[in-house]
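The lines below spell out each chain.
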Amino acid sequence: MGIESKDLLSMEQLDCGQVSLILQTAKEMEKIIRRDIKKVPTLRGKSVVNLFYEPSTRTRTSFELAGKYMSADVININTTASSVVKGESLKDTGKTLEAMGADIVVIRHGMAGAPKMLGSYLKSRVINAGDGFHAHPTQALLDMMTIKENLDGFQGLKVAIIGDILHSRVARSNLKGLTTMGANVWLCGPPTLIPPGLERLGARVTYNMEEALEGADVVIMLRIQLERQKTGFFPSIREYSQLYELDRRRLALARKNCLILHPGPINRGVEISGEVADSIQSYINEQVTHGVAVRMALLYLMLGQKGE
Ligand code: CP
């Protein structure tokens, strides 16, 4: 069993067995990251291209390190300094990279569906590193790895995802991945930042943060995505924080030792207090390490496995 489809576009295409395989492989990859010399020859002769049309620190860097730790050649395309600014289409950029020998293209794009479109043009494999509001499957997988490593599974866990659900590809991908693995997912935020119909996808929805936190095993806090908001979804940042910031007082409602996750970048004092972000219950830095491990696992499963 592996990742059968050519491209990894969303969590919808991964069943329980495939998620388990990726997380198990990532656990092995983490051992390499923790070595003094972080280098194995697994992907020697393979090339990985990071094609990012939106800013990124964690995802782009971790795909780059993941490829390099496994000896792949990794190239980063900065679209603001490429022929994209001369009007080159996604199709032509992709075809150009493929003609140069790219085995896999990792794409982040502001438009939902751009990775799927790119994949339809190319024989090279494509990984979605985040597309608009749609999906961020590798973020969900690294969040799930952090949960699995610390709580030993998913069945019956209460996972509260709190914040700007409307604009969050992380929330959508985690909802799918976590419910597939048997967790109970609660989505919480102001009514203006929760789209209708999420119950049909298996979520419990509440506008009340205290209800979402009550007995939670895991809390995933989300950033307010001001860059994606065209109109005011709440009166002010100050009012938002008063109702939805995770601080010590609110955290006390969750299960003792509940895990606090955040995909980053975090806004201290907006969705999470500095004290909670730096607390012993915060697994934000561990998530980042797991991001490299999960991306190594995916590159290995999609490029490196055959006959090696
Ligand atoms: N979590 C996440 O996608 O972070 P970056 O935007 O820094 O890649």
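Bear in mind that the values here come from a model prediction, so they are computed numbers and not experimental data.

Examining the domain arrangement of the chain
Along its sequence, the chain is carved into domain 1 (11-136 + 291-303) and domain 2 (137-287). Its C-alpha centre places domain 1 at a distance of 25 Å from the equivalent point of domain 2. On the domain 2 side, the residues contacting the 33 residues of domain 1 number 27 residues. Of the roughly 2400 Å² buried at the junction of domain 1 and domain 2 (both faces included), carbon and sulfur atoms supply 64%. The largest contributions to the domain 1 side of the interface with domain 2 come from M11, F133 and H136, which together make up 32% of the buried area.

Section: the nonpolar core
Counting 63 residues, the largest nonpolar core has I127, L141, I161 and M296 as its most contacted members. For this core, the element with the highest residue contribution is helix α11 (residues 284-304), accounting for 10 residues. Counting the residues that make up this core, at least three belong to each of domain 1 (11-136 + 291-303) and domain 2 (137-287).

Here's the deal with the site of the ligand
Every residue near the ligand is listed here: S56, T57, R58, T59, R108, H136, Q139, P263 and G264. The backbone of T57 places a nitrogen or oxygen atom 2.8 Å from an oxygen atom of the ligand. Within the contact set of the ligand, an oxygen atom lies 2.9 Å away from a side-chain nitrogen or oxygen of R108. Protein chains shield 91% of the accessible area of the ligand, which is 250 Å² for the free molecule. Considered class by class, the residues forming the shell around the ligand number one nonpolar, six polar and two charged. Three or more residues apiece are contributed to the shell around the ligand by two domains, here domain 1 (11-136 + 291-303) and domain 2 (137-287).

Procedures and definitions
- Residues numbered from 1 in each chain as written.
- Predicted model: local features only at pLDDT ≥ 70, side-chain atom pairs only at ≥ 80, totals over all residues.
- Heavy atoms only, no water.
- Domains from an automatic or database assignment.
- Contact = heavy atoms within 4.5 Å.
- Buried area = accessible area lost by both parts, 1.4 Å probe.
- Core = buried A, V, L, I, M, F, W, Y, C linked by side-chain atoms within 4.5 Å.
- Buried < 20%, exposed > 50% of the residue type's maximum accessible area, 1.4 Å probe, protein only.
- Helix = DSSP H or I, 4+ residues; strand = E, 2+ residues; numbered from the N terminus.
- Near = heavy atom within 4 Å.
- Polar contact = N/O pair within 3.5 Å; in protein donor to acceptor, adjacent residues only side chain to side chain.
- Areas by Shrake-Rupley, 256 points an atom, 1.4 Å probe, with all protein chains shown as cover.
- Nonpolar A, V, L, I, M, F, W, Y, C, P; charged D, E, K, R; others polar.

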